[in-house]
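# Fold and geometry: a report
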Amino acid sequence: MNPIYSYEHRIQYYETDGMRIVHHSNYIRWMEEARIAFMEDAGYGYECMERDGVSIPVLSVSCEYKSMMRFGQTCRIEVRITKLTPVRMSLEYRFYDADTNELCGTAASGHCFIGANGHPLSLKKHLPDVFELYRRLVWKPEET
């Protein structure tokens, strides 16, 4: 699987403001959509993790808006894992107009792995095969 995952989201009217421009908060929702799809396509998504007693809460999120997106456009979101440790994972996102390939925004999110008890856990110890799966997907800029 390519470490840069591409996900498309058709922009809905309810995601826009009175000027039909996407409200900034929706980019955070799209990050989650793309992240969940990426993990599922990789072979081990949120449902599997939760079944195995692991959650991935958000520790941090940032987003920079470069160009407005509007109702009716399709947003292509590229997501990649940029850092993985036994207890944390960082991802980056790029938002493009799917028709023009214009870069409309960039973002990042940081997560940790926690057990059912709410305490941090080592994914490498708890689910070593999953840790190895995600480790192989960490994006290395020099390879692209």
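Please refer to the structure higher up on the page.
Presented here is a report on the structure given in the accompanying data block. (Residues numbered from 1 in each chain as written. Predicted model: local features only at pLDDT ≥ 70, side-chain atom pairs only at ≥ 80, totals over all residues. Heavy atoms only, no water.)

## Quick word on the overall build of the protein
To be explicit about the condition: Helix and strand labels come from DSSP, where a helix needs a run of H or I of at least four residues and a strand needs a run of E of at least two; each type is numbered from the N terminus. We compute the radius of gyration from the C-alpha atoms alone; for a globule the expected value is 2.2 Å times N to the 0.38, where N is the number of residues. Any residue under 20% of the maximum accessible area for its type is buried, any over 50% is exposed, and the rest in between are partly exposed; the area is computed with a 1.4 Å probe on protein chains only. Note on definitions: a residue-residue contact is assigned when non-hydrogen atoms from the two residues lie within 4.5 Å. Under this rule, positive means Lys or Arg and negative means Asp or Glu; His and the chain ends count for nothing. Where a charge sits is defined by one atom per residue type, namely NZ (Lys), CZ (Arg), CG (Asp) or CD (Glu).
Of the regular secondary structure elements, the protein holds four helices and seven strands. Taken from the N to the C terminus, the helices and strands of the protein come in the order β-α-α-β-β-β-β-β-β-α-α. Here the C-alpha atoms of the protein give a radius of gyration of 16 Å, agreeing with the 15 Å that 2.2 N^0.38 yields for 144 residues. Taking the principal axes of its C-alpha atoms as reference, the protein extends roughly 50 × 35 × 20 Å. The burial tally for the protein puts 44% of its 144 residues in the buried class. Sequence-distant contacts, at least 24 apart, represent 66% of the contacts inside the protein between residues at least 6 apart. Across the protein, the mean location of the 17 positive side-chain charges is 5 Å away from that of the 20 negative side-chain charges.

## What to know about the side chain of R35
Counted only if it meets this: Salt bridge criterion: a side-chain nitrogen from Lys or Arg within 4 Å of a carboxyl oxygen from Asp or Glu. N or O atoms within 3.5 Å of each other form a polar contact, as long as, within protein, one can give a hydrogen and the other can take it, and as long as residues adjacent in sequence are counted only when both atoms are side-chain atoms.
Take R35: it is sitting in helix α1 (residues 25–42). Of the side chains bearing the opposite charge, E32 lies closest to the buried R35, which forms no salt bridge; the N-O distance is 4.4 Å. Within the local environment of R35, its side chain forms a polar contact with the side chain of Y46, the two groups lying 2.9 Å apart. Sequence-distant contacts of R35, that is, excluding residues within four places in its chain, are made with Y46, V58, L91, Y93, S109 and H111.

## Concerning α1
Convention followed: Each residue after the first adds 1.5 Å to the expected span of a helix.
The end-to-end C-alpha separation of α1 is 27 Å, in line with the 26 Å expected for 18 residues at 1.5 Å each. Within α1, the full set of buried residues consists of N26, Y27, W30, M31, A34, R35, A37, F38, M39 and A42. Directly after α1, the chain includes G43, whose backbone phi takes a positive value near 115 degrees.

## Quick notes on the pattern of salt bridges
Counting across every chain of the model gives six salt bridges. Sharing partners across several salt bridges, the network here consists of R76, E78 and R80.

## Focus on the sheet that holds strand β5 (residues 88–97)
This is how it is decided: Strand pairing follows a simple DSSP-based rule, namely that at least 2 bridges must link the two strands. The angle between two axes is taken between their N-to-C directions and runs from 0 to 180 degrees, where each axis is a line fitted to C-alpha atoms and a helix contributes only its stretch in contact.
With antiparallel pairing, the five strands of this open sheet are ordered in space as β1-β4-β5-β6-β3. In this open sheet, the two edge strands, each paired with only one partner strand, are β1 (5–10) and β3 (58–65). Between one strand axis and the next, the sheet turns through 20 degrees on average, direction left out of account. The pairing of strand β4 (residues 74–84) with β5 spans nine bridges and is classified as antiparallel. Bridge pairing in β5 places R80 opposite E92. On top of the sheet, α1 reaches β1, β3, β4, β5 and β6 (103–112); it is set at about 135 degrees to β1, its chief contact.

## With respect to the nonpolar core
Quick reminder of the rule: We call a set of buried Ala, Val, Leu, Ile, Met, Phe, Trp, Tyr and Cys residues a nonpolar core when their side-chain atoms join them within 4.5 Å.
By size, the foremost hydrophobic cluster in this structure holds 39 residues, and its most contacted members are W30, M49, I81, F95, F113 and Y134. Those elements giving two or more residues to this core turn out to be β1, α1, α2 (46–51), β4, β5, β6 and α4 (128–136). The dominant element in this core, judged by the number of residues it contributes, is α1, at eight residues. Look past the residues within four positions of W30 in its chain and what remains in contact with it is H9, I11, E15, V22, M69, C75, I77 and F95.

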